[in-house]
Amino acid sequence: MKTRAAIFEAIEHNENGEPRAHLGASLIGDDCARKIWYSFYWWFIAKYSGRMLRLFRRGHIEEPFVADDLARIEGVRVVMVDPDTGSQFRLRDPEMPAFGGSMDGKVYNAPDAPGVWLGLEVKTMNTKSFKTMVRDGVKRAQPRHYTQNQTYLSLSDDLEGILYVAVCKETDELHVEIIEPDRDAQLEARETARYILSTQEPPDRLSGNPSWWECKTCQAIEVCHYDAAPTPNCRNCSKVQARLTHGENKWICTFNGAELREEEQRAGCAHYQCNDSKHSSLRILA
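Let me sum up the structure you'll find in this document. Predicted, not measured: the structure shown is a model, and the values here were computed from it. (Residues numbered from 1 in each chain as written. Predicted model: local features only at pLDDT ≥ 70, side-chain atom pairs only at ≥ 80, totals over all residues. Heavy atoms only, no water.)

1. Focus: the packing of helix α2 (residues 33–40) against helix α7 (residues 183–198)
Argument step 1. Running from N to C, α2 and α7 point in directions that differ by 50 degrees, and their axes come no closer than 10 Å. In this view, α2 runs oblique relative to α7, as classed from their interaxial angle. In terms of crossing hand, the pair formed by α2 and α7 is right-handed. Residues Ala 33, Ile 36, Trp 37 and Phe 40 of α2 form the contact with α7, whose own contacting residues are Thr 192, Ile 196 and Leu 197.
Argument step 2. In terms of residue class, the contact of α2 with α7 is built from 6 nonpolar, 1 polar and no charged. (Axes fitted to C-alpha atoms, helices over the stretch in contact; angles between N-to-C directions. Helix = DSSP H or I, 4+ residues; strand = E, 2+ residues; numbered from the N terminus. Parallel < 35°, antiparallel > 145°, perpendicular 65-115°, else oblique. Left-handed = near helix turned anticlockwise from the far one by under 90°. Contact = heavy atoms within 4.5 Å. Nonpolar A, V, L, I, M, F, W, Y, C, P; charged D, E, K, R; others polar.)

2. Quick word on the sheet that holds strand β6 (residues 113–125)
Argument step 1. Here 5 strands make up an open sheet; going across it, the order is β2-β5-β6-β7-β8 and the pairing mixed. At either end of the open sheet lies a strand with only one pairing partner, and these are β2 (77–79) and β8 (174–179). Neighbour-to-neighbour, the strand axes of this sheet turn through a mean angle of 25 degrees, independent of strand direction.
Argument step 2. Sheet topology note: the strand β7 (residues 162–168)/β8 ladder contains 6 bridges and is antiparallel. Bridged to Ile 162 within β8 is Ile 179.
Argument step 3. Each of β6, β7 and β8 touches helix α4 (residues 127–136); the most contacted strand, β7, lies at about 140 degrees to it. (Pairing = 2+ DSSP bridges.)

3. Thoughts on the sheet that holds strand β1 (residues 23–24)
Argument step 1. Pairing is mixed in the open sheet, where 3 strands are placed in the order β1-β4-β3. The sheet is open, and its two edges are formed by β1 and β3 (89–92), each paired on a single side.
Argument step 2. Direction of pairing for β1 relative to strand β4 (residues 99–103): parallel, over a ladder of 2 bridges. The partner of Leu 23 across the bridge, within β4, is Phe 99.
Argument step 3. This element, α7, spans β1 and β4 of the sheet and lies at about 125 degrees to β4.

4. As for the packing of aromatic side chains
Each aromatic ring pair is summarised here by two numbers: the centre-to-centre distance and the angle between the ring planes.
Argument step 1. Counted according to the given criterion, the structure contains 10 aromatic pairs.
Argument step 2. A centroid spacing of 5.0 Å and a plane angle of 85 degrees characterise the contact between Tyr 48 and Phe 56, whose relative ring orientation is edge-to-face.
Argument step 3. Taking the relative accessible area as the measure of exposure, Tyr 48 reaches 31% and is therefore partly exposed.
Argument step 4. A relative accessible area of 35% means that Phe 56 is categorised as partly exposed.
Argument step 5. In textbook terms, an aromatic cluster arises when at least three aromatic residues are bridged by ring pairs, as seen for Trp 37, Tyr 38, Phe 40, Tyr 41, Trp 43 and Trp 251.
Argument step 6. For Arg 235, the ring lying beneath its charged end belongs to Phe 40, and the centroid distance is 4.8 Å.
Argument step 7. It is Arg 235 that lies over the ring of Trp 42; its NZ or CZ is 3.9 Å from the centre. (Phe/Tyr/Trp six-rings, centres within 6.5 Å; stacked < 30°, edge-to-face > 60°. Buried < 20%, exposed > 50% of the residue type's maximum accessible area, 1.4 Å probe, protein only. Lys NZ or Arg CZ within 6 Å of the ring centre and 35° of its normal.)

Here you go:
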């Protein structure tokens with residue numbers, strides 16, 4: 001059907017956006033540090049099909065529904081907007097301001113945690129993943145989600161845990177559990193973030209075989225395994241110095257001495273030179 005194809009094409013055109021500027025808590029628990037590094041330094045621009053983008057949107061749409069369901073419970077308070085900013089609860093590491101994420105919300109006085117504040121995290125998944133979640137719990141079934149929420153807890157001073165709500169998209173069944181603070185997981189996430197923000201070289205590959213199941217579906221496969229040139233921008237330019245620890249989040253152009261704003265980092269300039277020796281002749285056309 002032409003209409004079906006047009007729907008997906010329109011979504012792809014409008015919703016395939018720019019890479020995020022910060023090192024996200026939702027990514028830091030990925031098995032592959034090299035993928036995290038490539039993502040943060042904008043070596044590739046992830047592109048998704050219209051169907052996948054609709055799937056991502058489905059997850060976002062579920063958040064207010066779950067919040068509304070929770071708020072119907074007598075004595076429970078749900079807050080989805082940070083009163084200080086008027087937007088989502090945005091959390092950043094004070095030592096590494098480029099590292100952090102945005103939490104779905106906060107819940108007070110949940111039946112399983114009376115009298116305390118919890119963070120709120122809502123995820124949607126298919127039946128297979130949902131059954132695994134019910135059987136194994138979030139730490140084993142979705143380690144990236146677990147690390148993401150441990151990061152939120154490490155960056156919050158008023159939360160006793162995270163109320164994690166998984167929704168099965170095919171049955172509307174719910175799995176709910178409280179993620180309690182895990183100091184070891186929090187330290188590991190921060191060490192990974194510190195490494196990503198400090199190293200100038202991509203970490204080792206997860207596998208040397210591009211046919212490995214985690215590699216063959218990875219959006220970074222071309223730059224990682226086949227030496228494709230990175231998407232040219234200031235973050236992978238040899239003339240730009242990143243200062244991302246010790247409380248700083250600065251990108252300095254050594255060509256003109258300017259501190260680069262986010263939009264300038266994305267645009268690059270005619271003086272761009274790739275910081276990878278294999279592609280050192282790569283330029284941005286003015």
